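# Summary of structural features
In case you want the letters, here they are:
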Amino acid sequence: MLKISAVILQNLLRNKAIFGYLVLLCFTGWGMFLYESQPEKAVLSILQIVLLVLPLITLIFTTTYYYHSQEFLFLLLAQPIKRSDIFAGLYIGLAIAFLAVFFIGIGLPVLLFASGMQSLFLLLSGLLLNLVFIAIALLVGVGVHDKSRGIGVTLITWAFFAFIYNGLVIFMMYQLSDYPIENLILVLSFLNPVDIARIMVIMKSEASALLGLSGAVFQDFFGTAKGGVVSILALILWSIIPFWITHKMFRKRDL
Amino acid sequence: MIDIQNLQKYYSRQCVLSEVNLTYTRGQSIALIGPNGSGKTTLIKILLGLAIPDTGNIYVNQNDITKGHEYRRSIGYMPQITRFPEQLNVKQLFSLMRQLRTDVPGNNYDASLYEELSIPTFEEKRLGTLSGGMKQQVSAALAFYFNPSILILDEPTAALDPVSNEILKVKIRSAIDNNKLIITTSHILSDLEEIANHVTYLMEGKILFNDTMDRLRTETSENTLNKMVVSLLQQEIQHA
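All of the points below concern the structure found in this document. Treat the numbers as computed from the prediction; the structure is a model and nothing was measured.

### Observations regarding a positive patch on the surface
Judged by side-chain charge, K82, K248, R251 and K252 of chain A come together as a positively charged surface patch. In this structure R251 of chain A comes out as partly exposed when scored by relative accessible area, which is 40%.

Right, here's the structure in full:
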């Protein structure tokens, strides 16, 4: 399994798209701190990039990579190797590559220029978002046979988590603004990994004071240590569940 | 060596293989032929565990292939198209495969095809830069490399130059003499008749005929595989 990861990783590290992604993240991570004198603000700007760009690139790259390496996977599958080992190897290889890029581009500058809880949560949520979206992308890749349809599905998935879901929630909040729905909103925000990451980081920053009434409920929950642990656990679940489904699917599927 | 009982396979609702019963033994060299879409590749994929049968049992060396992956140790597979990881060179690919195949002891590799196809002359080249024919050569050498007792070759000669083609055929014939089982699909029947001693003809997912080359020859009183197939197909049409 680890040998397969090593090959995948070797393959990925020479990939031009991964390199471009690294350059982009370096510009964001390192550049933001050079440009912005207040590290707290820089962290929030980086957060926006992490929440929008990271899922998009992780999703599209991973699905494309999966389709592209299918023939090689065939070759491996024809060997006496367990299917689940091949799948886990693929996932681990992708995860190491993406996490390394994230660490160099965002992790290092954040650790150097802005220490504190907020930065720690930014890194933690970025790390988990990587794992979540690699798992979701592989789910799409394995689940949808046709390449162009698969890429389409990933784009829709990204749009859904990045803004469609929020739009729906806000619409609902306006419609139900006469009712005490704060707790419902709290639950709903757990159904979107991007939201979990966003709220988790913002609650650790001073910007959370701007969030108004439902902000107070959020602060009560996410601001506490318990809330932090619960949201991290939620993100972990968000990566484990798609991985587990895909893993099951990959084992029992015609390829 | 291979025993297929009552195999059925559907893709969504379309039946691609039905009531396939086959028994292949050592020393046989099977020409698996049939028109496009007749289920040859699906059958091969099922044997390799790439596709899952809907019903029926398949045993390779008495091992049920749906239980465990160990049975694939005895199979060497040469796919129709191979896309290798582009950044590896040929040497690295073989070393990777050796690492993955810990079940094969270190001195038990069969590098004869590797040498004969003069792969050493381009073994430092990256796989991404190889031509289609060169990839096919690599793929052939890899299929034989771990001394499998069963060889599954999917369109092995399609992209090969005449010299490599002959080398591969010699290798296949020696494998038959060594009592291995070989399954080859191809549309180039003249290539097949030099290496096969048994013919399985699939049509629309069913076995139309499955017999030794010699018997088909006497039955049809034709000499070339091409003519034998045509004559058998005509008989079938008349029966129907």
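### Re the packing of aromatic side chains
The geometry of two aromatic rings is summed up by the distance between their centres and the angle between their planes. Residues and elements named next belong to chain A. According to the stated counting rule, one finds 20 aromatic pairs over all chains in the structure shown. Centroid distance F61 to F98: 5.8 Å. Interplanar angle 80 degrees. Geometry classified as edge-to-face. Pair noted here: F61 is in helix α3 (residues 39-68) and F98 is in helix α5 (residues 83-113), with a separation of 37 residues, a long-range link. Judged on exposure class, the residue F61 and its partner F98 are both buried.

### What to know about the interface of chain B and chain A
At the junction of the two partners, chain B supplies 29 residues and chain A supplies 24 residues. Between chain B and chain A, roughly 2,500 Å² of surface is buried when both sides are summed, and carbon and sulfur atoms account for 61% of that area. Area buried by chain B at its contact with chain A is led by L50, R83 and Q87 of chain B, which between them contribute 28% of it. There are 0 salt bridges connecting chain B and chain A. Here chain B and chain A share 7 residue pairs in polar contact (both at pLDDT 80 or more) between them. Contributing elements (two or more residues each) for the side of chain B that touches chain A: β1 (2-11) and α2 (90-100) of chain B. Split by residue class, the side of chain B that touches chain A holds 14 nonpolar, 6 polar and 9 charged.

### Thoughts on the packing of helix α1 (residues 2-13) of chain A against α5 of chain A
When two helices pack together, their arrangement is given by the angle between their axes and by how far apart the axes lie. Residue and element names in this part refer to chain A. Look at α1 against α5: their axes get within 8 Å of each other, and the N-to-C directions meet at 40 degrees. The orientation of α1 with respect to α5, classified from their angle, is oblique. In this structure, α1 crosses over α5, and the sense of that crossing is right-handed. Across from I4, S5, I8, L9 and L12 in α1, the residues of α5 making contact are D85, I86, G89, L90, I92, G93, L94, I96 and A97. Counted by class, the contact of α1 with α5 contains 10 nonpolar, 3 polar and 1 charged residues.

Parameters at a glance
- Residues numbered from 1 in each chain as written.
- Chains lettered and ligands numbered in written order.
- Predicted model: local features only at pLDDT ≥ 70, side-chain atom pairs only at ≥ 80, totals over all residues.
- Heavy atoms only, no water.
- Patch = residues over 30% accessible without salt bridge, like charges linked within 9 Å, V, L, I, M, F, W, Y side chains within 5 Å.
- Areas by Shrake-Rupley, 256 points an atom, 1.4 Å probe, with all protein chains shown as cover.
- Salt bridge = Lys/Arg side-chain N within 4 Å of Asp/Glu carboxyl O.
- Lys, Arg positive; Asp, Glu negative; His and termini not counted.
- Charge placed at Lys NZ, Arg CZ, Asp CG, Glu CD.
- Buried < 20%, exposed > 50% of the residue type's maximum accessible area, 1.4 Å probe, protein only.
- Phe/Tyr/Trp six-rings, centres within 6.5 Å; stacked < 30°, edge-to-face > 60°.
- Helix = DSSP H or I, 4+ residues; strand = E, 2+ residues; numbered from the N terminus.
- Contact = heavy atoms within 4.5 Å.
- Buried area = accessible area lost by both parts, 1.4 Å probe.
- Polar contact = N/O pair within 3.5 Å; in protein donor to acceptor, adjacent residues only side chain to side chain.
- Nonpolar A, V, L, I, M, F, W, Y, C, P; charged D, E, K, R; others polar.
- Axes fitted to C-alpha atoms, helices over the stretch in contact; angles between N-to-C directions.
- Parallel < 35°, antiparallel > 145°, perpendicular 65-115°, else oblique.
- Left-handed = near helix turned anticlockwise from the far one by under 90°.

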